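Tertiary structure, described
Each chain, written out:
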Amino acid sequence: MRISYQYRLKPNKEQKEKIDNTLEMLRYQYNYQLAQRFNWYETHRCSLDRCPLVCHLPELSEKPNRFSQQASLKQLKKERPWYKNIHSQVLQQVPKKVEIAFDRWLKGDCNGKKSGRPRFKGAGRYRTFTYPQFKQHNFVGNKIKLSKIGDVKVIVHRPIPQGFVIKTVSVTKKADGYYVTLSLQDESVPTVKPDFDVANIVGIDVGLKFFLVSSNKYKIKIPQFYRKSESKLKWANRKLSRAKKGSNRWKKLKNQLSKKHKKVADTRKDFHHKTAYNFLSCYDVVAVEKLNVKGLARTNLAKSVHDAGWSSFIEILSSKAEKAGLMVVKVDPRNTSKQCSNCGHIKQNLSLANRFYHCENCGKAMCRNLNAAYNIKARGTTALVNNAQTISS
């Protein structure tokens, strides 16, 4: 099992300069290698599918890839000796990042989904570098030894779990300081806990009026972290737009705005973690909808959908359940709100504005979100039973 722990770094003035210089040099190299890819792509692509008997083709160059760009780093250090101040494996991660971004644009990821055209990174946009191999003895107490940077103080707010080994270390610069992310690995595979109760299941329906409504009639009002901070963010944005770009005042205001955005994101993430923990401490199985959040984010409710952060919550819930030996079941979201949880009748003419469900067939009346939570729980139970039958057969 692989998990990540993030700690705050407290570097001194000299170490801060080294981290900032490392990030800036890596940014230059990222942009240069990305430009190499674009140049090759533009000069070698052609819309013609045939040519005449006599034609003059331009001289074709070798396609740049991760390994050829990594091999060029040796010459780079000869021509620019200041790149020797960066650990070799940290520098070798740049071609890997470039290749991932470029391939996702042209080929797509493992699921075939393509990303947008990679962009060159402006000043301050390259924020993370990674040590792909890290030795355990370099992190002792509240100090971590980072090659070419030195021994940096770490605020260890929680110990590393027993049995886990540090595999990689990433240093990130954020608006409020520097952080280190430890990727931890445990060879043992998490198993379902012995006293796992399949009947102890709850269904939850997420929404915009209530963040979630569970099948046990528990409701959590949506906190709207971004909406509540929107006026302050607008005011900070307005002040930033009036400052001269690149000036000291502009940098100060930009940092203040970044801190406000980070506070909103951190508060939302903390809310998601606590909510997920509360449900998993009471139930062994949680049934949720398999939502198409990207599709919902293209509607006029986009700001509210992003503010709620349903995808992040379900991802956190699934991760916590896996580590605790519990289960999260994702069910088909179609007609969960329109189908009666009592008789199964589907009410077609149910608008989004109507938040109360009244069945025309059996006369059942209840909150629309609660009705959906009942249906989600029923579908989750059915999925567990079918899965158990498949395994037994």
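Before reading on, note that the structure itself is shown above.
Throughout this description, residue numbers start from 1 for each chain and increase along the sequence as written. Under the rules for a predicted model, residues below a pLDDT of 70 receive no local features and side-chain atom pairs below 80 are neither given nor counted, while totals for whole chains, interfaces and linings still include all residues. Values shown for side chains rest on all heavy atoms present in the structure; no hydrogens or waters enter the calculation.

**Here we look at empty space enclosed by the protein**
Lining residues are defined by having an atom within 4 Å of a point belonging to a cavity or pocket. Those points lie on a 1 Å grid over the protein atoms alone, cavities being sets where a 1.4 Å probe fits but cannot get out and pockets being open sets with protein on both sides within 12 Å along at least five of seven lines. Grid points are joined across faces, edges and corners, and a volume is the space filled by probe spheres set on the points. Throughout the structure, instances matching the rule amount to 1 cavity of 30 Å³ or more. If you add up the space inside the largest cavity, you get close to 40 Å³. In this structure, the largest cavity is lined by Thr22, Asn85, Ile86, His87, Val90, Phe129, Tyr131, Ser147, Lys148 and Ile149.

**Regarding the pairing of strand β4 (residues 143–146)**
Per-residue accessibility, obtained with a 1.4 Å probe over protein chains only, is compared with the maximum for each type, and a residue is labelled buried under 20%, exposed over 50%, and partly exposed between these values. Numbering of helices and strands runs from the N terminus; a helix is a DSSP stretch of H or I covering at least four residues, while a strand is a stretch of E covering at least two. Residues Ile144 and Leu146 line the buried face of β4, whereas the alternating positions Lys143 and Lys145 sit on a face that is not buried. Of the pairings in the sheet, the one linking strand β3 (residues 139–140) to β4 comprises 2 bridges and is antiparallel in character. Residue pairing across strands places Phe139 opposite Ile144, the latter belonging to β4. Strands are treated as partners if at least two bridges between them are detected by DSSP. Between β3 and β4, which pair antiparallel and follow one another directly, the connecting turn spans 2 residues, one of which, Gly141, has a positive phi of 65 degrees. Where β4 meets strand β5 (residues 150–155), 4 bridges bridge the pair, whose relative direction is antiparallel. Residue pairing in the sheet places Ile144 in a bridge with Val152 of β5. Where β4 hands over to β5, the hairpin turn is made up of 3 residues, of which Lys148 adopts a positive phi near 70 degrees.

**Remarks on the pairing of strand β7 (residues 177–185)**
Of all 9 residues that make up β7, 8 are buried, and the element is covered over most of its length. As paired elements, strand β1 (residues 2–10) and β7 share 8 bridges and run antiparallel to each other. Each bridged residue has a counterpart across the sheet, and for Tyr5 the counterpart in β7 is Leu182. Of the strand pairs in this sheet, strand β6 (residues 165–174) and β7 are connected by 9 bridges, and their pairing is antiparallel. Within β7, the position partnered with Ser170 by the bridge is Thr181.

**Thoughts on the sheet that holds strand β2 (residues 128–131)**
Judged by pairing direction, the sheet is antiparallel, and its 7 strands sit side by side in the order β2-β6-β7-β1-β5-β4-β3 without closing on themselves. The open sheet is flanked by β2 and β3, the only strands paired with a single partner. In this analysis, two residues are considered to be in contact whenever any of their non-hydrogen atoms come within 4.5 Å of each other. Axis definition: a line fitted to C-alpha atoms, over the contacting stretch in the case of helices. Angles run 0 to 180 degrees between N-to-C directions. Relative to the sheet, helix α1 (residues 13–44) contacts β2, β5, β6 and β7, its axis offset from that of β2 by approximately 100 degrees.

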